[in-house]
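Listed below, chain by chain, are the residues.
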Amino acid sequence: MREKLEKLKQAAEEQIDAASSPEQLKEIRVKYLGKKGEITSILRGMKDLSPEERPVIGSLANQVRGQLEEWIQEKEESLQEALLEARLQEESIDVTLPGRPEPLGTVHPLNGVIEQIEDIFIGMGFEVAEGPEVETDYYNFEALNLPKDHPARDMQDSFYITPELLLRTQTSPVQVRSMESKEGKVPVKIICPGKVYRRDDDDATHTHQFTQVEGLVVDRGIAMSELHGTLLTFAEQIFGEKLKSRLRPSYFPFTEPSVEMDISCVQCGGSGCRMCKQTGWIEILGAGMVHPRVLERGGYDSERYTGFAFGMGPERIAMMKYGIDDIRHFYTNDLRFLRQFQSI
Amino acid sequence: MLVSYQWLNQYVDLTGVTPEQLAEELTRGGVEVDSIQPLDQGVKKVVTGHVRKVEPHPDADRLQVCTVDAGQGEPLQIVCGAPNVAEGQMVPVALPGARLPGGVKIKKSKLRGVSSSGMICSAKELGMPDKLLPKEQQEGILTLSEPSDTGEDVKPILGLDDVVLELDLTPNRSDCLSMWGVAYEVAALLDREIHLPETKEETPEGKEKEIEIVLDAEEDCPFYAAQVIEGIRLGPSPRWMQNRLLAAGVRPINNVVDITNYVMLEYGQPLHAFDYSQVDGGEIVVRRAGTGETVTTLDGVTRACNEETLLITDETKPIGIAGVMGGENSEVKDGTTTLLLESAYFAPESIRRTARHLGLRSEASSRFEKGVDPERILPALQRAVELIRQYAGGKVVSRIKSERIGAIDDVTVELRHQRLTGLLGVQVEKESVIDIFRRLRFPTEVGDGVYRVQVPSRRPDISIEVDLIEEVARLYGYDRIPTTLPWGQQSPGALTPEQRLRRVIRHTLRDAGFHEVVNYSLTSPARLNELDSVLQEEARPIRISMPMSDERKVLRTTLLPQLMETAEYNIHRRETGVALFELGRVFISQEKKLSRQPDERWMLAGLVTGAVHPPHWQKGENTPDFFTLKGHLEMMFARIGLGTLTFEAAQPAGYHPGRTAVIKQDGDTIGLIGQIHPKTAAAHDLGDTYGFELELAPIVEKALQQNLRYQTLPKYPDTTRDLALVVDEKIPVADLDRTIRSAGGELLRSVSLFDVFTGEQVGKGKKSVAFSLTYQAADHTLTDDEVNQLHQEVLNRLKAEHDALLRQ
């Protein structure tokens, strides 16, 4: 009996090993462990054994049965594993084929740059103000120290609608409007992005419509060094690098002293290239200390308060930052141009 | 303003300062130098030569063989083609080995068999600005009238060894519109001495001529001076003066005109010479023009004046437009022997208005417009008289007659030291400030931390304290201003909720595959009329008064037509499809003539046409339709928290009548969405095109009202039942949806449409619509009975309201 069990165990082991499919394994299980299986029939034949032998053989038979179950289980798992492996092999794909395109448009690069400018100044505590594009002569010129017949009006030929209404030529009118709405409270810290219009023929460097970002700070004791610091901080953030800056005297009717700010060329770092016309410097904005008359017009006592204002062209900044060579691209809306700014 | 380096050097010693260094100093000081132009464009080995003999060329009618003494020992034989070459002339000779502008090299050569050792040059060949030259110098060879030795370098003689700086002056620095003004500036920047010529009045010789001056328009002309010179001889001005005029970009004409121009460049004071014989009664009246009065100016054009035009008249007639251009009748021309020389102050506003009215700008008017220095009116006149006597002969036959109303006030401006350092944010030393005013030649007294600065009349741009602060700052050096950050009260920076929402909307559409465009606000009325807009009723396009073109005539009242234009542009550049949007302002006013600012309203428009995505190797549906666009809009609405918008079929002009809807919010129409009418689309070479346009304000207002609150997650299971209906095909699905929700009440958690079809199975004029309804209660598990009862109620309501039948 013992021998028979040992043989049976050996035969089963060989068959389990040889099994190549779950079906075969199932047959083996039935053959040995099924209701009419060989182990079962041995256990059934136990009654013919002597009482001494019965527990010994019984325990041995159970041991063999356990062993077979374990082997079958193991074989089952390895067969399933092999099957899965084979299926996965069959399922393999060319991973270099292009992905299914999900639609991705673009934010217009000009608006993208304006958002960057806004975010930098918001980080410095500025609010974003807005003003009308159809402006009164008063806010566009007079309140900014540019009376009718002022020579500086030549600098910007305007689109008038009536003698008193025009398309704003600059975002500066928002300076006085912002001061008025603050009703004498300080600090005033605003920037104003927006569209402006001038009678220029459209060419590679001019468009009759373009954008500006105006900035204004009014508080007690605001100094030109703070204008310089604020603008340098801005420039370093927008161009993402350490820069050198310099101020040059300039003229705007609504600031005094007035400055133009140059930064070290973002293309060549200051060694001289085509973009900076070999000077190492590029002009990025105009600015100055708010003219006392403009402060007064905005309702602020120019003895108690001072301020600075600045104005820059997002087109120019975008052109320098991304190496764009023709301002008209911003208004042609050629998709071959726009798509280049998906990551802006 | 073009500034000759050599001329400037006469007033301020520029030793050790190259033109480039000078340009840098000026630019850093606030007078921007646009360009530095050396007049010598590579000219080498061109010398003076004396034409000894001119003989015809044996084999060429147009050529002549010249014998020229160019100081080279032996005379040179030079073949010359210019008809004006003649014996006895002094001419510029390019010797063999010479260089001319443009890299031209002169070699010994043979012309039609005759050898030629060099070339006699024209002005143009030497790189002189031939457009400015008198006609006789433009054609043929240049002749040098001044005596000189042969073999001398011609560059100094023709001023070609000079360098010209081009100043880009800001409107406040009109003081630098003269050599004197630039000299003051340079002397201050370099801290050097200044040497300006002194003048005095020349006293009349012989019988004096009468001049009477009447100022009839005091405000426009408070100061007028004149002097008469008799017996002048017109002719060319000396070469050195012509050289300087050319360097300044002024055309030499004759000695009298050249001298008035020269003094204008020198002093900044425009002068005018009248032919005294044409000044009736020896009387000058400065008055405003009468209605309909005309003047023929010396360019031969008859000009209609208005009541603001300031005229110079004699006893009987106008003889010039003050400060702008002289009259033809009193022009100095051949035969003129007696001059009346004018030097005056004309009010900037007056000249500006007249110049604009007449569309006439001159060197003179541009200076008067900016205000001339009243202190220089008499010296300039004296200087011109002196030069005329010297270079045009004649004698002075009157005293300087001048008429003046009011006096020039001394301007004293106070500057507080503390204000200066406070505003600049830098501790400038008192000594530095005093030194800066010394360099500027502004007499200054100091006391109690205050500088009392006397501002000379040549600097009318300085009138208040900050003007002085700017002067100090620019001479102290802007680059010495440190960088600090505002330290005062801090303020939180942020976008307003509306600004943030506009960004979210734009970014959401970007994420949905739309490209943002920026179009011009100015467009044509025809463009705006292509499509009805949501603001159609209110929109009356605003015209600008002087459009630059028909395409840019009115302010836009809608955005979508320009998006079609942009789509067309891109389709013509081989794009298979485009998806675009724009968020921008339109301009709305009902006024016929604008009396106040229009409403500027933010609009959002989008458009999609053609196959937007490139073909993919896994084929799939690629062509957008109405529902693509509607889906994108609904996603955008969801993103900003709007769920209450409804779409109702509509037939606005320019759209497909069966595929267009108005978008409503709380019953108000706020937008349009639909297929662009095939005819409208075809006009732009577009196939099936879908567009939308929305007014932003109501959406933003609603979105900002939303109160986002968390809702407890359901604790009890839900039950889903489908509902397949057959209804009249005209019934909008939105109506069925509304009925279902109303009947289902609060236990109906969600309704989703999953199938719509028409066909024989459902019968003609009918459609099958299938919804999936999910029921759920917050406080218990719904029983089958409860759900059945609810579902039946929904069906009953659908039957009652829409004649709906359960599909079998």
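Residues numbered from 1 in each chain as written. Chains lettered and ligands numbered in written order. Predicted model: local features only at pLDDT ≥ 70, side-chain atom pairs only at ≥ 80, totals over all residues.

In this section: the overall build of chain B. Helix and strand counts for chain B stand at 21 helices and 39 strands. The C-alpha atoms of chain B give a radius of gyration of 42 Å, which is well past the 28 Å a tight globule of 808 residues would have. Each of the three principal axes of chain B carries a C-alpha extent, and together these read 130 × 85 × 60 Å. The buried share of chain B, taken over its 808 residues, is 41%. (Helix = DSSP H or I, 4+ residues; strand = E, 2+ residues; numbered from the N terminus. Rg over C-alpha atoms; globule rule 2.2 N^0.38 Å. Buried ≥ 20, exposed ≤ 12 C-beta atoms within 10 Å, placed from the backbone.)

Helix and strand counts for chain A stand at twelve helices and ten strands. Taking 20 Å as the expected radius of gyration for a compact globule of 344 residues, we find that chain A reaches 42 Å, considerably beyond that expectation. The principal-axis extent of the C-alpha atoms belonging to chain A is close to 130 × 45 × 45 Å. When the 344 residues of chain A are sorted by exposure, 43% land in the buried category.

Look at the link from Val186 of chain A to Pro187 of chain A: it is a cis peptide, with omega at -5°. Considering the arrangement of structural elements, one finds Pro187 of chain A in the loop between α7 (173–182) and β5 (188–197). Of the consecutive residues Glu256 of chain A and Pro257 of chain A, the connecting peptide bond is found in the cis state with omega at -5°. Counting through the fold element by element, Pro257 of chain A comes out in strand β8 (residues 255–264). Positioned with a positive phi, Asn333 of chain A is a non-glycine residue whose angle comes to about 60°. Tracing the chain through its elements places Asn333 of chain A in the loop between α11 (329–332) and α12 (335–338). We note that Lys45 of chain B has phi near 55°; this positive angle belongs to a residue other than glycine. Relative to the assigned elements, Lys45 of chain B resides in strand β3 (residues 44–56). A tally of 16 C-beta atoms within 10 Å means that Lys45 of chain B is categorised as partly exposed.

Annotation from UniProt places "coiled-coil region" (unreviewed entry) at residues 61–92 of chain A. When the span residues 61–92 of chain A is considered, its composition is 94% helix and 0% strand, and the gap between its end C-alpha atoms is 47 Å. (UniProt positions renumbered as here; feature names shortened; annotations may be inferred.)

Bringing the UniProt feature "domain: TRNA-binding" (unreviewed entry) in chain B into the picture now. Here the UniProt-annotated "domain: TRNA-binding" (unreviewed entry) positions come out as residues 40–155 of chain B. Note that residues 40–155 of chain B is 5% helix and 39% strand, and that its end C-alpha atoms are spaced 7 Å apart.

A few words on the UniProt feature "domain: B5" (unreviewed entry) in chain B. The sites that carry the UniProt feature "domain: B5" (unreviewed entry) are, in the present numbering, residues 408–483 of chain B. What you have in residues 408–483 of chain B is 41% helix and 21% strand, and the ends, taken at the C-alpha atoms, are 42 Å apart.

What follows covers the sheet that holds strand β19 (residues 318–321) of chain B. Residue and element names in this part refer to chain B. If you trace the five strands from one edge of the open sheet to the other, you get β12-β15-β18-β19-β20, paired in mixed fashion. On the outer flanks of this sheet lie β12 (212–215) and β20 (325–326), each paired with one strand and no other. By the bridge criterion, two bridges tie β19 to β20 in an arrangement that is antiparallel. Bridged to Gly320 within β20 is Gly326. (Pairing = 2+ DSSP bridges.)

Counting residues in hydrophobic clusters, the biggest one holds 268 residues, and the most contacted among them are Val218 and Phe308 of chain A together with Val93, Leu339, Leu341 and Ala384 of chain B. Tallying contributions element by element places helix α5 (residues 179–190) of chain B first for this core, with nine residues. Residues contacting Leu339 of chain B, with those up to four places away along its chain left out, are Val228, Ile229, Ile232, Val256, Ala273, Phe274, Tyr276 and Val332 of chain B. Counting twelve residues, the second largest nonpolar core, distinct from the first, contains Phe771, Leu790, Leu798 and Ala804 of chain B. (Core = buried A, V, L, I, M, F, W, Y, C linked by C-beta atoms within 7 Å. Contact = placed C-beta atoms within 7 Å.)

Contact with chain A, which involves 75 residues of that partner, is made by 79 residues of chain B. Broken down by element, the residue count for the side of chain A that touches chain B peaks at eight residues, all from helix α8 (residues 224–239) of chain A. Residue classes in the side of chain A that touches chain B are distributed as 39 nonpolar, 20 polar and 16 charged. (Nonpolar A, V, L, I, M, F, W, Y, C, P; charged D, E, K, R; others polar.)

Our focus in this paragraph is the environment of Ser250 of chain A. Looking at where Ser250 of chain A falls in the secondary structure, it is placed in strand β7 (residues 245–252). Take Ser250 of chain A: there are 21 C-beta atoms within 10 Å of it, and that puts it in the buried class. On a C-alpha basis, the gap between Ser250 of chain A and Met261 of chain A in space is 9.4 Å, while along the polypeptide they are eleven residues apart. Not counting residues within four places of it along the chain, the set of residues in contact with Ser250 of chain A comprises Ser258, Val259, Glu260 and Gly286 of chain A together with Gly30 and Thr170 of chain B.

Under the local residue numbering, the UniProt record ascribes the feature "binding site: Mg(2+)" (unreviewed entry) to Glu256 of chain A. For Glu256 of chain A, the position within the fold is in strand β8. Assessed through the 26 C-beta atoms surrounding it within 10 Å, Glu256 of chain A is described here as buried. Among all residues touching Glu256 of chain A, those that are not within four sequence positions of it are Gly288, Met289 and His291 of chain A together with Val466, Asp467 and Glu470 of chain B.

Okay, the pairing of strand β31 (residues 599–610) of chain B next. Bridge analysis of strand β30 (residues 577–588) of chain B against β31 of chain B gives twelve bridges, and the strand direction is antiparallel. In the sheet register, Gly584 of chain B faces β31 of chain B, and the bridge partner there is Met603 of chain B.

Attention now goes to the domain arrangement of chain A. A common way to state how big an interface is: give the accessible area lost once the parts meet. When its domains are assigned, chain A resolves into domain 1 (2–90) and domain 2 (109–341). For domain 1 of chain A and domain 2 of chain A, the distance between their C-alpha centres works out to 88 Å. (Domains from an automatic or database assignment.)

Strand order in the open sheet made by the seven strands is β27-β30-β31-β35-β34-β33-β32 (chain B), with mixed pairing throughout. Among the strands making up the open sheet, the edge pair consists of β27 (515–516) and β32 (645–649) of chain B.

Helical periodicity: at 3.6 residues per turn, an α-helix aligns residues three or four positions apart in one direction. Residue and element names in this part refer to chain B. The end-to-end C-alpha distance of helix α17 (residues 626–639) is 20 Å, a good match for the 20 Å that 14 residues give at a rise of 1.5 Å each. Next to the buried residues of α17 lie α14 (497–511), β31, β32, β34 (668–676) and β35 (689–695). Positive phi shows up at Gly641, right after α17, with a value of about 85°. (Expected span 1.5 Å × (residues − 1).)

On to the packing of helix α12 (residues 430–440) of chain B against helix α13 (residues 465–476) of chain B. All names here are of chain B. At a minimum axis distance of 10 Å, the contact between α12 and α13 shows a crossing angle of 95°. With respect to α13, the axis of α12 lies roughly perpendicular. Here α12 contributes Ser432, Val433, Ile436, Arg439 and Leu440 to the contact with α13, which in turn contributes Glu471, Val472, Leu475 and Tyr476. Taken together, the residues of the contact of α12 with α13 sort by class into six nonpolar, one polar and two charged. (Axes fitted to C-alpha atoms, helices over the stretch in contact; angles between N-to-C directions. Parallel < 35°, antiparallel > 145°, perpendicular 65-115°, else oblique.)

Another aspect to go through is the confidence of the model for chain B. It should be kept in mind that the predicted coordinates are not to be read in detail where pLDDT is low. Residues and elements named next belong to chain B. On average, chain B scores 92 in pLDDT, and the residues at 70 or more come to 100%. Averaged over each element, pLDDT in chain B is lowest for helix α3 (residues 135–138) (78) and highest for β27 (98). Confidence estimates for the predicted assembly give a pTM of 0.86 and an ipTM of 0.88. (pLDDT = per-residue confidence, 0-100.)

For chain B, the assigned domains are domain 1 (2–39 + 163–190), domain 2 (44–158), domain 3 (212–404), domain 4 (411–477), domain 5 (497–705) and domain 6 (719–806). Averaged C-alpha coordinates put domain 4 of chain B and domain 5 of chain B at centres separated by 57 Å.

Attention now goes to the environment of Thr162 of chain A. Positionally, Thr162 of chain A belongs in strand β3 (residues 160–162). Put simply, Thr162 of chain A and Asp137 of chain A are 25 residues apart on the chain and 9.5 Å apart in space, counted from C-alpha to C-alpha.

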